[in-house]
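What follows is each chain in one-letter form.
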Amino acid sequence: LPKFLGPETIIHGANMFKRWDADRPMALVVSDWDEGYLEGFVDSLNHDQHPFLEVVVIRPFGSRKIGHKQLVDMAKHGITIRFVERQKEDYMDWCEAPVESEWFMYV
């Protein structure tokens, strides 16, 4: 397998991972299905307790909008939280996540 690999860090169907350097920014990608868990999850974010500089939440196409009060509450965490409407099947969230950092974690 190594002779077929280039600079990729993750290859579908293979277990190839690169060790994360803690000095590099990391994003968190979250798949959401609009089941009511998002608010509790966002409330648990505290910038001092994780390495993430941004959180990208991929939500179902046509899901209810995030309210102004909820957005204000989220801003207090000192972390960029972006909401993206899912354009493909949810199993594609891993591949379609619009992250700006080189490193990301997916949940």
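The shown structure was predicted, so the numbers you read here are calculated from the model rather than taken from an experiment. (Residues numbered from 1 in each chain as written. Predicted model: local features only at pLDDT ≥ 70, side-chain atom pairs only at ≥ 80, totals over all residues. Heavy atoms only, no water.)

Looking at this structure, how should I read the side chain of Asp93?
Assignment of secondary structure puts Asp93 in helix H3 (residues 93-96). For Asp93, a relative accessible area of 3% corresponds to the buried category. With residues near it in sequence (within four places) discarded, Asp93 still touches Ser31, Ile58, Arg86 and Tyr106. (Helix = DSSP H or I, 4+ residues; strand = E, 2+ residues; numbered from the N terminus. Buried < 20%, exposed > 50% of the residue type's maximum accessible area, 1.4 Å probe, protein only. Contact = heavy atoms within 4.5 Å.)

Quick question: what am I supposed to make of the pairing of strand S2 (residues 52-59) here?
It is a general feature of regular strands that their side chains alternate between the two faces of the sheet. Counting buried residues in S2 gives seven out of eight residues, a clear majority hidden from the surface. Taken together, the six bridges between strand S1 (residues 26-31) and S2 define a ladder with parallel strand orientation. The residue bridging Ala27 from the neighbouring strand is Glu54, located in S2. As defined by bridge partners, S2 adjoins strand S3 (residues 80-85) across six bridges and the pair is classed as parallel. (Pairing = 2+ DSSP bridges.)

Would you explain the sheet that holds S2 in this entry?
A sheet is described by the order of its strands in space; here four strands give the open sequence S3-S2-S1-S4, paired in parallel fashion. Every interior strand has two partners, whereas the edge strands, S3 and strand S4 (103-106), have only one. Averaged over neighbouring strand pairs, the angle between their axes works out to 25° when direction is ignored. (Axes fitted to C-alpha atoms, helices over the stretch in contact; angles between N-to-C directions.)

I keep staring at the packing of aromatic side chains and nothing clicks. Help me out?
The relative placement of two aromatic rings is captured by the distance of their centres and the angle of their planes. As enumerated under the stated definition, the model contains two aromatic pairs in all. Arranged with centres 5.5 Å apart and planes meeting at 55°, the rings of Trp94 and Phe104 form a pair that is tilted. Note that Trp94 is positioned in helix H3 and Phe104 in strand S4, a separation of ten residues in sequence. What makes Trp94 partly exposed here is its relative accessible area of 30%. (Phe/Tyr/Trp six-rings, centres within 6.5 Å; stacked < 30°, edge-to-face > 60°.)

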